[in-house]
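The lines below spell out each chain.
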Amino acid sequence: MSYDQLYINGQWIPTQKGGTFASIDPSNEQVIAQVASATKEDAEKAVIAAREAFDNGPWSKFTGKERAVYLRAIANEIRNNLHEISSLEVKDNGKPYPEAEWDIADAAGCFEFYANLAETLDEEKEQNIQLGDDRFSCVATKEPVGVACAIIPWNYPLLMAAWKVAPALAAGCTMILKPAEVTSLTAIELGRIAEKVGLPKGVLNILTGSGREIGPYLTDHPDIDKVAFTGSVPIGQQIMRSAASNVKNISLELGGKSAFIVFDDSDIEDAVEWIMFGIFWNQGQVCSATSRVLVQEGIYPKLLARLAEESQKIKIGNGFEEGVKLGPLVNQKQYENVTAAIQRGVEDNVKLLSGGKKPEAFTQGYYIEPTIFVDVPEDHPLWVEEIFGPVVSIRSFATEDEAIKSANNSIFGLAGAVMSKDIERCNRVARKLRAGIIWINCSQPTFTEAPWGGYKQSGIGRELGIWGLENYLEVKQITSYNSQEPWAWYIQ
């Protein structure tokens, strides 16, 4: 199947002098496909198409119920091709197939969810406002923000696209989707689905290629009304600076270094299971990964022993192999970044409890063992910086206040978790943690209905739920003078 064209204005077109780049299978370092590399000229075509579709096309004028028909059709097409799209995600990203299938099913569910919310916009489009002067009447209306640009990461390629495309289309926006260069294939499949369901031209445009080449062009473009970005803090900062030039509407979901507090009344086996899920799922390439673990002193030695034992049982390999729980990292650059972080910990004499190297069985592929560092100093990069790999740092603590202080001592505030049989304590701690998502007696469950986003340098705004839809809506006040009396305010 070909991936060497761009989806712009409802058509597949060759890039303007951009050529192609190779998509690499991280399990064996082999080329999967050649993907179109968009230029600024291509980006301009996409902006023109999206602008025309919003200003003069039918999409923004459709009722929510009419838009919902298309969103449900997209959801159904994703479900109808679940195996094929999931397999493509495994090849492109490296994650185990069951995880990929879960992600793709979630993406379909996301389109379905926002189809339902689109219909509620018809009922809630206008809200009457009670004023203090009965000569006036006032309504507040909700309208689509306009042309949106979504820039998504490589860890959940199609799911992250759905998180942005579905609410934007539900709101009545038109969109330009820029997938991560290293995982573009399922985004292209989304374009094929949009074409198949008859989405009006220009409503969804997909630009593959280098973020450095077209990212700043899109985020600075005066005809783009909204930028939604998920990715690293440095790129998020660049987008903020770029968007400031024309005070563009932005939402940012950035990095994390989430803490998991385990009190000593916790069941150790449950704690081990959730710690592993919180850091080794998706090879640790999760923005909300609970990569800092704080364990109360009473169970610290026993929990470490069980965690090391269980982590060494995790099956590593190609995502299509049965029983594999840990696939390769997404590409060579990420592999080098993670191994460099591990090496620095070793050189600084931080205690390496388990893992830390490439499994001997693999001569190709970007594989790293589940890695556990313990007694990690709070000022060490292993504890402070986002690694985005299967690397967990663990410390002990004595008191509740000490754990909360340590957990909150971070520039990030995306997520956190607390485990204890004392539910009152869990709720107390949850409300003291400075993060946008808190899990009690678990780690990482994510639901389309609930808000997603962080505090501090973890970002601005919220995705998912009704909050995700509101990202793509503007609120307008319309006030009318209804009295027959002259409004002669200037007469003394």
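One can find the structure itself at the top, above this paragraph.
Quick look at the structure, then. No experiment lies behind these values; they were computed from the predicted model shown. (Residues numbered from 1 in each chain as written. Predicted model: local features only at pLDDT ≥ 70, side-chain atom pairs only at ≥ 80, totals over all residues. Heavy atoms only, no water.)

**Here's the deal with helix α2 (residues 64–80)**
Reasoning step 1: Over its 17 residues, α2 extends 24 Å from the first C-alpha to the last, a length consistent with the 24 Å expected when each residue adds 1.5 Å.
Reasoning step 2: All of the buried residues along α2 are Gly-64, Arg-67, Ala-68, Leu-71, Ile-74, Ala-75, Glu-77 and Ile-78.
Reasoning step 3: Where α2 is buried, its residues contact α3 (82–93), α4 (97–124), α5 (157–171) and α6 (185–196). (Helix = DSSP H or I, 4+ residues; strand = E, 2+ residues; numbered from the N terminus. Expected span 1.5 Å × (residues − 1). Buried < 20%, exposed > 50% of the residue type's maximum accessible area, 1.4 Å probe, protein only. Contact = heavy atoms within 4.5 Å.)

**Let's talk about the packing of α3 against α4**
Reasoning step 1: Contact geometry for α3 and α4: axes closest at 8 Å, N-to-C directions at 125°. Between α3 and α4, the crossing angle belongs to the class labelled oblique. The two elements α3 and α4 meet at a crossing, and its hand is right-handed. Contacts between α3 and α4 involve Leu-82, His-83, Ile-85, Ser-86, Ser-87, Glu-89 and Val-90 on the former and, on the latter, Tyr-97, Ala-100, Glu-101, Ile-104 and Ala-105. (Axes fitted to C-alpha atoms, helices over the stretch in contact; angles between N-to-C directions. Parallel < 35°, antiparallel > 145°, perpendicular 65-115°, else oblique. Left-handed = near helix turned anticlockwise from the far one by under 90°.)

**Brief notes about a negative patch on the surface**
Reasoning step 1: A contiguous patch of negative charge, built from Asp-264, Glu-297, Glu-378, Asp-379 and Glu-402, is present on the exposed surface.
Reasoning step 2: By secondary structure assignment, the location of Glu-402 is in helix α13 (residues 400–408). (Patch = residues over 30% accessible without salt bridge, like charges linked within 9 Å, V, L, I, M, F, W, Y side chains within 5 Å. Areas by Shrake-Rupley, 256 points an atom, 1.4 Å probe, with all protein chains shown as cover. Salt bridge = Lys/Arg side-chain N within 4 Å of Asp/Glu carboxyl O. Lys, Arg positive; Asp, Glu negative; His and termini not counted. Charge placed at Lys NZ, Arg CZ, Asp CG, Glu CD.)

**Remarks on the side chain of Ser-242**
Reasoning step 1: Note that Ser-242 resides in helix α8 (residues 233–244).
Reasoning step 2: Since its relative accessible area comes to 15%, Ser-242 is described here as buried.
Reasoning step 3: The contact partners of Ser-242, leaving out residues within four places of it in the chain, are Pro-216, Thr-219 and Asp-220.

**Quick word on the sheet that holds strand β19 (residues 437–440)**
Reasoning step 1: Spatially, β14-β15-β16-β13-β12-β18-β19 is the arrangement adopted by the seven strands of the open sheet, whose pairing is mixed. Both outer strands of the open sheet, β14 (351–354) and β19, are each paired with one neighbouring strand and no more. On average, each strand axis in the sheet is tilted by 25° relative to the strand beside it, whichever way the strands run.
Reasoning step 2: Relative to β19, strand β18 (residues 415–419) is paired through four bridges, and the arrangement is parallel. Each residue of the ladder has a partner; that of Ala-415, found in β19, is Ile-437.
Reasoning step 3: Its contacts with the sheet place helix α14 (residues 423–432) against β12 (259–262), β13 (292–296), β18 and β19, and it is angled at close to 165° to β19. (Pairing = 2+ DSSP bridges.)

**A look at the pattern of salt bridges**
Reasoning step 1: Taken as a whole, this structure holds 21 salt bridges when the rule is applied.
Reasoning step 2: Between Arg-72 and Glu-119 there is a salt bridge, with its nearest N and O atoms 3.1 Å apart. Note that Arg-72 is positioned in helix α2 and Glu-119 in helix α4, a separation of 47 residues in sequence.
Reasoning step 3: For Arg-72, a relative accessible area of 23% gives the class partly exposed.
Reasoning step 4: Note that Arg-135 is salt-bridged to Glu-485, the shortest N-O span being 3.8 Å. Highlighted residues: Arg-135 in the loop between β5 (126–129) and β6 (136–144) and Glu-485 in the segment after β22 (473–481), separated in sequence by 350 residues.
Reasoning step 5: In this structure Arg-135 comes out as partly exposed when scored by relative accessible area, which is 22%.

**Regarding the packing of helix α1 (residues 40–56) against helix α7 (residues 211–219)**
Helix-helix packing is characterised by the crossing angle of the two axes and by the distance between the axes.
Reasoning step 1: Interhelical geometry of α1 versus α7 gives an angle of 35° and a closest axis separation of 9 Å. Like other packed secondary-structure pairs, α1 and α7 cross with a definite hand, here right-handed. In this structure, α1 contributes Lys-40, Ala-43, Glu-44 and Val-47 to the contact, and α7 contributes Glu-213, Ile-214, Tyr-217 and Leu-218.
Reasoning step 2: Grouping the amino acids of the contact of α1 with α7 by side-chain chemistry returns five nonpolar, no polar and three charged. (Nonpolar A, V, L, I, M, F, W, Y, C, P; charged D, E, K, R; others polar.)

**As for the sheet that holds β6**
Reasoning step 1: The strand order across the open sheet built from three strands is β5-β6-β22, with neighbouring strands paired in antiparallel fashion. Single-partner strands in this sheet number two, and they are β5 and β22. The average angle at which neighbouring strand axes cross in this sheet is 25°, direction not considered.
Reasoning step 2: Relative to β6, β5 runs antiparallel, the two being bridged by four bridges. Its bridge partner being in β6, Gln-127 is matched across the sheet by Ala-140.

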